[in-house]
Amino acid sequence: MTQAALGWRCRRGLLELDLALTGFLKDGYARLSPSESALFEEFLAENDADLWAWMQGAPAPARYAPILKSFTLSDPEQGDHRS
């Protein structure tokens, strides 16, 4: 799949999810191995509610661990005080 096609698949109904996925496509996708790239395409087929929950640290299918490590949000109590 081309990066342009992936860009369209990263567009979601939830703005936060849209921003996280398109940001990753821009800044992190090129670092993925071929198998991780295929896994990212599979990941994008999941529903928005699951993706967002998993990206916030909810239990997720183990196969997505290589992708989710790029999206786990920081814990505010650990010093990340985004508003």
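*Asks:* Please set out the packing of helix α2 (residues 15-27) against helix α3 (residues 34-44) residue by residue, giving values where relevant.
*Replies:* Where α2 contacts α3, the two axes come as close as 13 Å, and the packing angle between them is 165°. What the angle tells us is that α2 and α3 run roughly antiparallel. Classified by chirality, the crossing of α3 by α2 is left-handed. Residue-level inspection shows Leu 21, Phe 24 and Leu 25 of α2 in contact with α3, the latter providing Phe 40, Phe 43 and Leu 44. Partitioned by chemical class, the residues of the contact of α2 with α3 number six nonpolar, no polar and no charged.

*Asks:* Go over the confidence of the model for the protein chain with me, naming the residues and quoting the values.
*Replies:* In this model, the protein chain carries an average pLDDT of 83, and 84% of its residues clear a pLDDT of 70 or more. Per-element confidence in the protein chain is highest for α3, whose mean pLDDT is 93, and lowest for helix α1 (residues 3-10), whose mean pLDDT is 87. Note on residues 73-83: pLDDT under 50 across the span, and seven contacts to partners over four residues away in sequence or across chains.

What counts as what
Residues numbered from 1 in each chain as written. Predicted model: local features only at pLDDT ≥ 70, side-chain atom pairs only at ≥ 80, totals over all residues. Heavy atoms only, no water. Axes fitted to C-alpha atoms, helices over the stretch in contact; angles between N-to-C directions. Helix = DSSP H or I, 4+ residues; strand = E, 2+ residues; numbered from the N terminus. Parallel < 35°, antiparallel > 145°, perpendicular 65-115°, else oblique. Left-handed = near helix turned anticlockwise from the far one by under 90°. Contact = heavy atoms within 4.5 Å. Nonpolar A, V, L, I, M, F, W, Y, C, P; charged D, E, K, R; others polar. pLDDT = per-residue confidence, 0-100.

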